[in-house]
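# Summary of structural features
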Amino acid sequence: MAEKIGEIREKFRLCSDSGLQQLIDCYREDPRSGVRSLIESAQKRILALEAERERIETMRVYEKQYGDCGLICGIDEVGRGPLAGPVVAGAVILPADCRILYLNDSKKLSAKKREELYGEICREAVSVGIGCVGPERIDEINILQATYEAMRQAIGKLDPQPDILLNDAVTIPGVPIRQVPIIKGDAKSVSIAAASIVAKVTRDRMMEEYDSVYPEYGFAANKGYGAQAHIDAIKKYGPSPIHRRSFLTHFL
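Residues numbered from 1 in each chain as written. Predicted model: local features only at pLDDT ≥ 70, side-chain atom pairs only at ≥ 80, totals over all residues. Heavy atoms only, no water.

### Structural notes on the overall build of the protein
Scanning the protein from terminus to terminus reveals 10 helices and five strands. Principal-axis analysis of the C-alpha atoms gives the protein an extent of 75 × 50 × 25 Å. The burial tally for the protein puts 48% of its 252 residues in the buried class. Taking all contacts inside the protein whose residues are at least 6 apart in sequence as the whole, residues at least 24 apart take part in 64%. Entry remark: accessible area of the protein is about 12700 Å², with carbon and sulfur atoms responsible for 52%. Averaged over its 35 positive side-chain charges, the protein has a centre that lies 3 Å from the centre of its 36 negative ones. (Helix = DSSP H or I, 4+ residues; strand = E, 2+ residues; numbered from the N terminus. Buried < 20%, exposed > 50% of the residue type's maximum accessible area, 1.4 Å probe, protein only. Contact = heavy atoms within 4.5 Å. Areas by Shrake-Rupley, 256 points an atom, 1.4 Å probe, with all protein chains shown as cover. Lys, Arg positive; Asp, Glu negative; His and termini not counted. Charge placed at Lys NZ, Arg CZ, Asp CG, Glu CD.)

### Section: the side chain of Arg244
Of note, Arg244 is situated in the segment after helix 10 (228-237). One buried charged residue, Arg244, forms no salt bridge at all, with the nearest opposite charge on Asp139 at 6.6 Å. Of the polar contacts made by the side chain of Arg244, one reaches the backbone oxygen of Gly85; its length is 3.0 Å. A distance of 3.2 Å separates the side chain of Arg244 from the backbone oxygen of Pro86, its partner in a polar contact. (Salt bridge = Lys/Arg side-chain N within 4 Å of Asp/Glu carboxyl O. Polar contact = N/O pair within 3.5 Å; in protein donor to acceptor, adjacent residues only side chain to side chain.)

### Some details on the UniProt feature "binding site: a divalent metal cation" (unreviewed entry) in the protein
Under the UniProt annotation, the feature "binding site: a divalent metal cation" (unreviewed entry) is placed at Asp76, Glu77 and Asp168. Sequence-wise these annotated residues cover 93 residues; spatially they are packed, their C-alpha atoms never more than 8.2 Å apart. Following the sequence through the fold, Asp76 ends up in strand 1 (residues 72-78). Residue Asp76 is classed as buried on the basis of its relative accessible area, which comes to 2%. Apart from the residues lying within four places of it in its own chain, the contact partners of Asp76 are Val88, Ala89, Gly90, Met151, Asp168, Asp186, Ile192, Ala195, Ser196 and Ala199. Within the secondary structure layout, Asp168 lies in strand 4 (residues 164-168). Setting aside anything within four residues of it in sequence, one finds Asp168 in contact with Ile75, Asp76, Ile182, Ile183, Lys184, Gly185, Asp186 and Ile192. (UniProt positions renumbered as here; feature names shortened; annotations may be inferred.)

### Some details on the pairing of strand 3 (residues 127-133)
When a strand is regular, its side chains alternate between the sheet's two faces. Residues of strand 3 alternate between two faces, with Ser127, Gly129, Gly131 and Val133 buried on one and Val128, Ile130 and Cys132 left unburied on the opposite face. Sheet analysis places strand 2 (residues 87-93) next to strand 3, joined by seven bridges and oriented antiparallel. Considered in strand 3, the bridge of Val88 is made with Cys132. (Pairing = 2+ DSSP bridges.)

Rendered as structure tokens:
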């Protein structure tokens, strides 16, 4: 008795990427249109995976270029623009043979995909460091200096320490390690992309926690950025303890 198409569909749904071709071969001679459709979809999935692997390989160009320099660390930050909350920096050292798929500028990924990649990065990385500078310090020394401070914190938490830093656009003062600033680096380097994702997920989680403390500002939705509803709430309730006073002067 032939397998039901629903049963075969479930096999394809649960199949790992590595086992997909074998599953296609298993049902290649099945003449039913439903099975043919499943095979066609699986073949498209394989082609998409091959394209993604090629894209990731192009994002390893800097890791290949500086591979002889020792341990490579990607650096990126999240939260320079919001009206509230900290600026957070991520520092990630990936293994030389790392092939994590779908790494990209964190802004180009869905929240669900960022969370999935965050877990994979933390499992695969040689080391991960997080730096966080709060609103009072941002007001005290300005956002650029606070960003540098967060990046230095993140680097300082790495064990082992890296030999070279791939930074998203900036050169960090006060760091003795060799640095390579890369414009739009979070879309060009797997190491910087990984740091971008780690920083983004960390900060988003913090802002969601702040939302339960200060629910009137909608931090879970706006993450502290200047959405109109957020600005209206500041005008109505005044700034919270996590607002950056130096960012509010133009409308308060």
